[in-house]
Amino acid sequence: MPVRRLILAVLLVFCALPAVPAAAATTVTVYYRPTAAWTTVNIHYAPNGGAWTAVPGVPMAPAGCAGWFTKTLNLGTATGAQVVFNNGAGVWDNHSGANYAIGTGTVSITGGAIGTGDPCTTEPPPPGGNTATVFYSTAGRNWPTVNIHYAPNGEAWTAVPGVPMNEVACAGWVKRTVQLGAATGMQAVFNNGSGTWDNNNGANYRINAGTSKVSGGVVTGNATDPCTAVPPDTTAPTVPTGVTAAVDHVTVTLSWTASTDDRGVTGYQITRNPGGTVLTTAYNGYIDGSLAARTTYTYTVRAVDAAGNRSAASNPVTVTTGDAPPLPPGGQMLGGDPRKETVYFVLTARFYDGDSSNNRGGSQHVRSGNAANDDPMFRGDFKGLVDKLDYIKALGFSAIWITPVVLNRSDYDYHGYHGWDFYRVDPRLESPGASYQDLINTAHAKGLKIYQDVVYNHSSRWGANGLYVPPVWGARDGQWDWMYSEKVPGKQYNPLEENSLGRAYNGDLWSTAEPAGNTCRNWGTPTGYYSPEGYTIHNCQWPSPTSGMFPANLYHQCWIGNWEGEDSRSCWLHDDLADFNTENPVVQQYLIGAYNKYIDMGVDGFRVDTAVHIPRVTWNRRFLPALQQRLVQKYGAAKAQDFYVFGEVGAFVNDKWNRGSVNHSAQFFTWKERRSYVDNDVQAALDQFNYEQQLGIAGQPTSTNAFLNGNLYHAPDHSQFSGMNIIDMRMHMNFGDAANAFNNGKDSDDSTNDATYNAVYVDSHDYGPNKSSTRYAGGTDAWAENMALMWTFRGIPVLYYGSEVEFQKGKQIDCGPSCPLATTGRAYYGGLLQGTVVAGDYGVVSSASGSVATTLNQPLVRHLQRLNQIRRAVPALQMGQYSTAGITGSQMAFKRRYTNGAVDSFVLVTISSGATFTGIPNGTYVDAVTGDVKVVTDGSLTAALATRGGLRAYVLSLPGNPAPGKVGTDGPYLK
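Presented here is a report on the structure given in the accompanying data block. (Residues numbered from 1 in each chain as written. Predicted model: local features only at pLDDT ≥ 70, side-chain atom pairs only at ≥ 80, totals over all residues. Heavy atoms only, no water.)

### Some words on the overall build of the protein chain
Scanning the protein chain from N- to C-terminus turns up 15 helices and 54 strands. Its C-alpha atoms give the protein chain a radius of gyration of 33 Å, within 12% of the compact-globule value 30 Å for 975 residues. The C-alpha extent of the protein chain, read off along each of the three principal axes, is 105 × 100 × 65 Å. Put simply, the protein chain has 975 residues, and 55% of those count as buried. Here the contacts in the protein chain between residues at least 6 apart in sequence split such that 70% fall between residues at least 24 apart. (Helix = DSSP H or I, 4+ residues; strand = E, 2+ residues; numbered from the N terminus. Rg over C-alpha atoms; globule rule 2.2 N^0.38 Å. Buried < 20%, exposed > 50% of the residue type's maximum accessible area, 1.4 Å probe, protein only. Contact = heavy atoms within 4.5 Å.)

Written out as structure tokens, the structure is:
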């Protein structure tokens with residue numbers, strides 16, 4: 001067959017075959033809601049197995065509801081895609097570097113979470129026709145989206161997380177209309193789509209048909225639309241009346257009758273003359289402190305509303321200040337650079353029992369299991385500390401961090417963090433001849449500093465005596481007789497007076513009848529809940545921020561929803577930690593006055609609890625300057641700098657910046673503010689949070705204060721130092737492995753004002769490394785290695801009591817009253833301290849007998865003693881800057897130098913393995929561990945070492961600063 005005819009035949013065959021349709025293209029419709037106010041949204045995507053679109057992707061169109069954008073993507077034959085988003089101006093949401101992996105159909109993405117369905121679709125109404133329009137206040141919540149999870153009365157709940165509140169509302173409010181059908185109401189809770197919930201403290205919200213507002217834990221029914229346009233406000237508030245001024249030395253306390261306004265008074269402006277200084281406050285009172293002595297001042301007050309309308313000025317009030325107040329008698333702090341110290345941290349009530357007459361078990365003594373162990377929670381005391389100061393000094397420590405000393409009031413308050421009277425020392429810690437002042441004086445006489453744990457963020461659940469103690473519903477009604485003390489006129493709470501139930505007198509707190517001035521809602525009505533015994537629980541019986549029990553001017557009114565959001569600085573942590581409104585000058589002065597008392601007693605520093613839960617601007621403008629003012633008044637400007645302040649900023653993550661939130665990162669609190677804010681502290685806190693969050697990580701200041709210039713020390717720049725140092729949370733979180741702690745610590749040091757002042761620990765009374773709930777149990781060799789790093793690297797080493805013998809290793813640190821303290825990391829330590837001990841010097845035992853002698857002979861104790869001796873002998877190990885340049889052969893090696901006047905100290909350190917140091921000064925180096933001498937002529941030194949937990953510290957002999965030679969005697973690791 002000719003070729004042409006063959007081809008034609010083949011073509012005819014193909015043409016006769018049935019047509020095969022092309023594969024149908026798959027699509028995905030993407031809805032995206034950015035967490036910031038983007039006006040343009042692009043989606044940059046790649047179908048699975050395909051190429052990415054050109055940067056920045058393709059534009060998305062506004063969806064049918066507020067804040068959402070949408071785009072339908074043609075994926076071809078792919079069954080999914082990788083997508084990211086941007087605003088067209090360089091800001092990206094790439095799911096923290098992981099991209100978003102989506103399938104087909106309809107997908108919704110916001111706040112890092114991927115959902116399904118069209119978020120703008122309103123569900124069809126069920127039969128019946130009832131609806132509930134809910135407005136939800138987002139004030140204090142940094143939630144990128146809000147869902148309502150609900151159940152109409154008698155019907156099932158929506159699927160978790162509920163449905164988005166995506167109807168157009170206005171700033172600070174989101175909205176959703178829910179179809180109730182025949183139901184006349186519903187239960188509802190709210191969430192951010194990422195696991196954070198507002199469930200009305202476990203009670204759910206009860207919402208009726210119609211329009212309701214939910215704000216601050218309160219439901220307002222038959223509400224008006226908070227977003228409805230209102231006519232301009234042109235009416236000024238009424239003039240403040242009854243202005244009075246009281247003088248105490250150089251402090252003036254102003255008060256006046258609150259003004260009224262048709263829309264509401266938002267604050268007051270106070271004009272002080274001479275000078276025309278304008279002060280602002282949100283409350284009808286103000287404390288003007290630190291005025292000039294023997295000077296006459298005149299004050300007038302104006303009220304201000306949200307529209308900026310001001311009342312006329314009040315009648316003037318004139319006062320004349322007196323002399324500056326004399327300092328009360330007390331102790332004197334030891335002084336000296338705090339970086340020279342090493343710190344031993346004790347829970348005073350669990351350390352050593354010097355006086356059994358002040359032991360108290362509390363109301364949870366039996367329930368906790370402590371009674372069965374004859375182990376009252378308040379067991380150790382100041383007398384026990386005084387008796388064992390030589391033990392602490394024999395370990396080599398020169399400072400002691402003790403838990404809060406103020407009078408506590410709660411059901412389980414041995415730790416000290418439930419302060420009730422901040423002006424009194426808890427009597428369960430004191431004894432005749434062993435008061436707090438006696439402890440301070442005795443410790444100082446032995447050369448030991450006292451660092452006091454202080455709490456500014458919260459009081460006990462029963463308020464703060466002298467500031468506000470809330471009225472509490474109670475009744476001796478047969479059910480609750482066991483709980484409430486019979487009232488005795490004039491009697492006050494005294495924790496030493498426990499009854500047979502382990503409860504101290506509480507008749508001062510409760511009332512069956514609603515007291516005058518009560519603000520707690522639904523006083524005494526049943527909540528619908530019952531105690532474990534089956535007793536009816538009543539409203540206002542237990543503290544809550546959302547019940548109205550605590551006034552908003554003194555206490556915050558919300559539960560924390562986002563631990564990295566603004567609300568973490570203005571809401572309650574827990575129901576036994578009533579959160580102070582620290583933006584109120586009245587609260588500020590209460591706390592400043594309380595802690596001035598302990599400065600006057602001569603304590604050497606403050607460890608600041610929950611520092612992150614107070615805005616930095618409040619620390620920088622109020623508390624830290626007041627603290628410094630008192631120190632300067634007592635000691636003068638130079639010695640005042642020796643007072644050591646180190647804050648707990650709970651950033652329990654392994655990254656440099658806490659999940660990207662600069663306001664919640666430890667190093668953030670070491671810096672001053674970089675701009676001015678309005679005088680009103682509430683608004684200033686919000687402005688500061690937003691300003692710094694917008695600047696972000698890249699906009700934060702940096703420092704070289706911890707780093708050498710080559711081999712040279714340079715004068716640090718502390719001009720932008722806030723006054724607060726920090727606990728090194730980054731190293732703490734990574735101390736599961738010493739090398740990780742070292743590398744992570746280095747990584748954060750350029751963002752800390754001066755990391756040589758960081759307090760460094762492995763574990764504590766709260767957490768072990770990696771936020772473990774158990775005491776460190778890495779093994780003795782690992783402990784030795786951790787200690788070698790802590791005692792030689794930058795920062796101030798801190799050891800939690802008992803770690804020197806691996807006390808309670810692997811045990812749960814804290815379980816509250818649900819298990820005996822003896823089984824936890826807060827167990828009583830006194831059994832290992834029986835006997836006598838005399839310290840000849842730091843880290844030196846002159847004599848010891850009994851069980852304490854056995855304790856002092858443990859391998860980690862001997863390791864710790866020698867580390868303390870070596871650190872005290874080498875100034876560079878205490879205060880030096882560091883560098884890791886030119887070092888090979890070791891995961892943990894560095895050089896440090898400190899130069900000040902005649903002091904010049906340079907040391908080369910390697911831990912657990914050998915290292916070679918190059919580019920170092922020539923000269924004679926002597927190892928403080930072995931006494932080995934090396935003469936360097938070519939800028940290079942090699943230190944041999946192959947012992948985990950071992951150390952080499954070659955000190956350069958310099959004119960006037962000879963190397964100390966071998967320090968101490970060989971031990972199990974340092975040899």
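More follows now that the structure is in view.
### Remarks on the sheet that holds strand 41 (residues 725-726)
Taken in spatial order, the eight strands of this open sheet run 41-40-39-32-29-28-43-42, and their pairing is parallel. Looking at strand neighbours, the two that pair on one side only are strand 41 and strand 42 (759-760), the edges of this open sheet. (Pairing = 2+ DSSP bridges.)

### Quick word on the nonpolar core
Where a protein is soluble and globular, its nonpolar side chains tend to be buried together. Counting residues in each nonpolar core, the largest one holds 160 residues, and the members touching the most others are F351, Y391, Y436, Y456 and L789. Leaving out residues up to four positions away in the same chain, F351 has contacts with Y344, V346, G380, L385, K388, Y391, I392, Y801, Y828, Y829, G830 and L833. (Core = buried A, V, L, I, M, F, W, Y, C linked by side-chain atoms within 4.5 Å.)

### Here's the deal with the sheet that holds strand 47 (residues 887-888)
In spatial order, the strands read 47-50-53; together these three strands make up an open sheet with antiparallel pairing. Of all the strands in the sheet, just strand 47 and strand 53 (940-943) have a single pairing partner and so form its edges. Judged from the four bridges that link them, strand 50 (residues 915-918) and strand 53 form a sheet pairing that is antiparallel. Across the sheet, residue F917 finds its bridge partner in strand 53, namely L941.

### Observations concerning empty space enclosed by the protein
If a probe the size of a water molecule is rolled over the atoms, the empty space left behind becomes visible. Counting across every chain of the model gives six cavities of 30 Å³ or more. What the largest cavity holds in volume is close to 140 Å³. What lines the largest cavity is a set of 17 residues, among which K656, A666, Q667, R730 and S748 lie closest to the centre. Split by residue class, the lining of the largest cavity holds seven nonpolar, six polar and four charged. Lining the second largest cavity, in full, are T348, A349, F378, T403, P404, V406, N408, Y414, H415, G416, D426 and L429. (1 Å grid on protein atoms, 1.4 Å probe; cavity = no way out; pocket = protein on both sides within 12 Å on 5 of 7 lines; lining within 4 Å. Points joined across faces, edges and corners; volume = space filled by probe spheres on them. Nonpolar A, V, L, I, M, F, W, Y, C, P; charged D, E, K, R; others polar.)

### With respect to the pattern of salt bridges
The final tally for this structure, using the stated rule, is 39 salt bridges. The salt bridge involving R141 is made with D198; its shortest N-O contact spans 3.4 Å. Here the residue R141 occupies a position in the loop between strand 11 (130-137) and strand 12 (147-152), and D198 occupies one in strand 17 (residues 197-198), the gap between them amounting to 57 residues. Between E692 and R674 there is a salt bridge, with its nearest N and O atoms 2.6 Å apart. With E692 in helix 9 (residues 681-695) and R674 in the loop between strand 40 (644-647) and helix 9, this residue pair connects regions lying 18 residues apart in the sequence. On the accessibility criterion, E692 (0% relative accessible area) is buried. R674 gets classed as partly exposed once you look at its relative accessible area, which sits at 34%. One network of salt bridges, with partners in common, ties together D453, R607, D609 and E648. (Salt bridge = Lys/Arg side-chain N within 4 Å of Asp/Glu carboxyl O.)

### Considering the layout of surface pockets
There is about 1800 Å³ of room inside the second largest pocket. T35, N142, P144, R659 and Q693 are, among the 44 residues lining the second largest pocket, the residues nearest its centre. Looking at the lining of the second largest pocket, the elements that each hand over two or more residues are strand 1 (26-33), strand 7 (92-93), strand 9 (105-110) and helix 9. The greatest single-element share of the lining of the second largest pocket, amounting to five residues, is contributed by helix 9. Grouping the constituent residues of the lining of the second largest pocket by class yields 16 nonpolar, 22 polar and six charged.

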